[in-house]
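This is what each chain is made of:
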Amino acid sequence: LEKVPVPQDGYDFVVVSNRLPVDRDVDEDGNSTWRRSPGGLVSALAPVMAQRDGAWVGWHGAPDETLEPFDHDVFHLVPVSLSELEVKRYYEGFSNATLWPLYHDVIAPPEFHRTWWYAYRRVNERFARRAAETASQGATVWVQDYQLQLVPRMLRRLRPDVTIGFFNHIPFPPTEIYSQLPWRKAVLEGLTGADLIGFQRPGDAQNFQRCVRKYLGVQFTKGSARFSEDTADGESTEWTVNAGSYPISIDVESIKELASDPQVQARAREIREELGNPDTVFLGVDRLDYTKGIRHRIKAYGELLEDGEISVENSVLVQVASPSRERVDSYRQLRELVEGMVGRINGQFDTISHTAVRYLHHGYPFEEMVALYLAADVMLVTALRDGMNLVAKEYVAARQDRSGRLVLSEFTGAAEQLKQAVLVNPHDIDGLKSAMLHARDMSDAEARKRMSSMRRQVLTHDVVDWSHRFLDDLAAHAPEHEQGAAA
Ligand code: G6P
């Protein structure tokens, strides 16, 4: 990769992620308008974008379509195009059928295909070039997530003057699992092009450092290691890579605002009424993904009905499963399994007036999600592996009266911060069943005590704090660039 010239009209702060932070609405006449995507990352970075002359490089979500850069609210958006075949091989294939299962404890078997890897490399290079053409002299570029792990090193070659951050939103696996990846060395080389690499949990950062020692032969000391490389012009360049944990959070303010909104509160009461005012509303909210432990949760719920510990008259499980990655095989299979289980349980236990499991395979507006959080007595987060799990934090932020109980898998990043949740191993179905009953039956005083302490954690660590922590460290860890720029 040859250096690319610094653009005249570049941006000081560039975010690079697989998806752009906007969604498209198309009306009846085929006119499209863009809407800011929901989610913490987007709201956290919006103020930084506005303040620092920022741009966002990403895919706009449709295949075989080239769009010119455009502005939308505070964002300058730089679309990267993907062909239909690249969507198959880079996005559905390598990102979501190789890396995703590999990084989530091989819950589903990862598939290794060379054609997918070639597409991943080619698309990562396209993102790196777009970033290189967008960043001003000495800019800060922040690359997001597992779809773009090769971008940091490519970008360093194209633009040695920029400061590069990388944040991995999903777990980083232990060496024993990571080793399966046929391109394990190339991926680590890609990541170590960054000045700062952030992970969700300290354990993820440790796994990464062990993998680097094993496959690149470079030792981290106190989260920091030196790297060097020969450049295209026959010189050599050196830099320091820092790696550490930066647990992501949520946009607390916007949730508090919605949770205080009388209309949302009225909707929460209406939901309970429409459910027939049961004593206990259990709630699950997930993308329909095999990492989320939806099957384990439904199995436990079905057994509680079977055991007579709960009944369709006094309890309901509301399971929102938003459609996700629907063309990937393991996601199709999961949908069949989950819908089969729900059908069997409902067939067995429903009455004309009551349903055991309200299964909703839709995405909902955020107001409706907050209304559901307010309507639920027991929130069930039973992921088998999850980088963080923001649903758990959103539920806590929404419960302003400090009521509500959270059952939380110990295999989520969130469990390291929400220690007062009822923690479970979702593989242990008996343990999960007792945790669900324990959450339901615990005294209000006990539930309030736990919720208060979880709220203290979430309210004092929102996603804006997260982005500042990362960006401040990135600025502090990149002194070489500042010297370079000054010289
Ligand atoms: C996870 C990943 C994100 C991804 C999101 C939705 O949270 O960490 O990078 O954007 O899932 O998945 P999708 O494949 O629809 O972008």
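Residues numbered from 1 in each chain as written. Predicted model: local features only at pLDDT ≥ 70, side-chain atom pairs only at ≥ 80, totals over all residues.

- The name that an unreviewed UniProt entry assigns to the protein is Trehalose 6-phosphate synthase, with the source organism given as Kocuria marina subsp. indica.
- The heading Sequence similarities (unreviewed entry) in the UniProt record of the protein holds the text "Belongs to the glycosyltransferase 20 family." (UniProt positions renumbered as here; feature names shortened; annotations may be inferred.)

1. Structural notes on the overall build of the protein
- Scanning the protein from N- to C-terminus turns up 17 helices and 17 strands.
- Radius of gyration (C-alpha) of the protein: 23 Å, near the 23 Å computed for a compact globule of 487 residues.
- Dimensions of the protein, computed from the C-alpha atoms along their principal axes, are close to 75 × 50 × 45 Å.
- Classification of the 487 residues of the protein by burial places 47% in the buried group. (Helix = DSSP H or I, 4+ residues; strand = E, 2+ residues; numbered from the N terminus. Rg over C-alpha atoms; globule rule 2.2 N^0.38 Å. Buried ≥ 20, exposed ≤ 12 C-beta atoms within 10 Å, placed from the backbone.)

2. Looking at the nonpolar core
- Residues Val 14, Ala 131, Val 141, Leu 406 and Val 407 are the most contacted members of the largest nonpolar core, which totals 151 residues.
- Residue contributions to this core peak at 9 residues, all from helix α3 (residues 114-134).
- Apart from the residues lying within four places of it in its own chain, the contact partners of Val 14 are Gly 54, Ala 55, Val 57, Ala 131, Thr 134, Ala 135, Ala 139 and Val 141. (Core = buried A, V, L, I, M, F, W, Y, C linked by C-beta atoms within 7 Å. Contact = placed C-beta atoms within 7 Å.)

3. Considerations on the pairing of strand β9 (residues 196-199)
- Burial of the side chains of β9 extends over both faces: Leu 196 and Gly 198 are buried on one face and Ile 197 and Phe 199 on the other.
- Looking at chain direction, strand β8 (residues 163-167) and β9 are connected through 3 bridges and run parallel. Bridge pairing in β9 places Phe 166 opposite Ile 197.
- Bridge count for β9 against strand β11 (residues 236-245) is 4 bridges, and the pairing is parallel. Of the residues in β11, the one forming a bridge with Leu 196 is Asn 242. (Pairing = 2+ DSSP bridges.)

4. A few points about the packing of helix α10 (residues 294-307) against helix α11 (residues 329-349)
- At their nearest, the axes of α10 and α11 sit 10 Å apart, and the two run at 10° to each other. The angle between α10 and α11 places the two elements in the roughly parallel class. The residues of α11 that touch α10, namely those facing Ile 294, Arg 295, Ile 298, Lys 299, Gly 302 and Leu 305, are Leu 337, Val 338, Met 341, Val 342, Ile 345 and Phe 349.
- Looking at the contact of α10 with α11, its residues break down into 9 nonpolar, 1 polar and 2 charged. (Axes fitted to C-alpha atoms, helices over the stretch in contact; angles between N-to-C directions. Parallel < 35°, antiparallel > 145°, perpendicular 65-115°, else oblique. Nonpolar A, V, L, I, M, F, W, Y, C, P; charged D, E, K, R; others polar.)

5. Concerning the sheet that holds strand β13 (residues 315-322)
- Within the open sheet, the 6 strands sit side by side as β14-β13-β12-β15-β16-β17. Their pairing is parallel. Both outer strands of the open sheet, β14 (357-360) and β17 (422-424), are each paired with one neighbouring strand and no more. Recorded for the sheet is a direction-independent mean angle of 20° between the axes of neighbouring strands.
- Pairing of β13 with β14, which is carried by 4 bridges, proceeds in the parallel orientation. Its bridge partner being in β14, Val 320 is matched across the sheet by Leu 360.

6. Here's the deal with the site of the ligand
- The full set of residues close to the ligand is Arg 19, Asp 145, His 169, Ile 170, Ser 324 and Arg 325.
- Of the residues that constitute the shell around the ligand, the class distribution is 1 nonpolar, 2 polar and 3 charged. (Near = placed C-beta within 6 Å.)

7. Remarks on helix α12 (residues 366-375)
- Among the 10 residues that make up α12, 7 are buried, leaving the element largely enclosed by the rest of the structure.
- Of the residues making up α12, those classed as buried are Met 369, Val 370, Ala 371, Leu 372, Tyr 373, Leu 374 and Ala 375.
- In this structure, the buried residues of α12 make contact with α8 (252-260), α9 (262-274), β12 (280-287), β13 and α13 (390-398).

8. A closer look at the sheet that holds β11
- Taking strand neighbours across the sheet as the criterion, the 9 strands line up as β5-β6-β4-β1-β7-β8-β9-β11-β10 in an open arrangement whose pairing is mixed. At either margin of the open sheet sits one strand with a lone partner, and together these are β5 (70-72) and β10 (224-230). Across this sheet, the average inter-strand angle for adjacent strands is 25°, counted without regard to direction.
- With 5 bridges joining them, strand β7 (residues 135-144) and β8 adopt parallel strand pairing. Residue Val 141 lies in a different strand from β8, and its bridge partner there is Ile 164.
- The strands touched by helix α1 (residues 40-52) are β1 (11-19), β4 (54-63) and β6 (75-82); relative to β1, the strand with the most contacts, the crossing angle is about 150°.
- Against the sheet, helix α16 (residues 463-476) engages β7, β8 and β9, with an angle of about 145° to β8.

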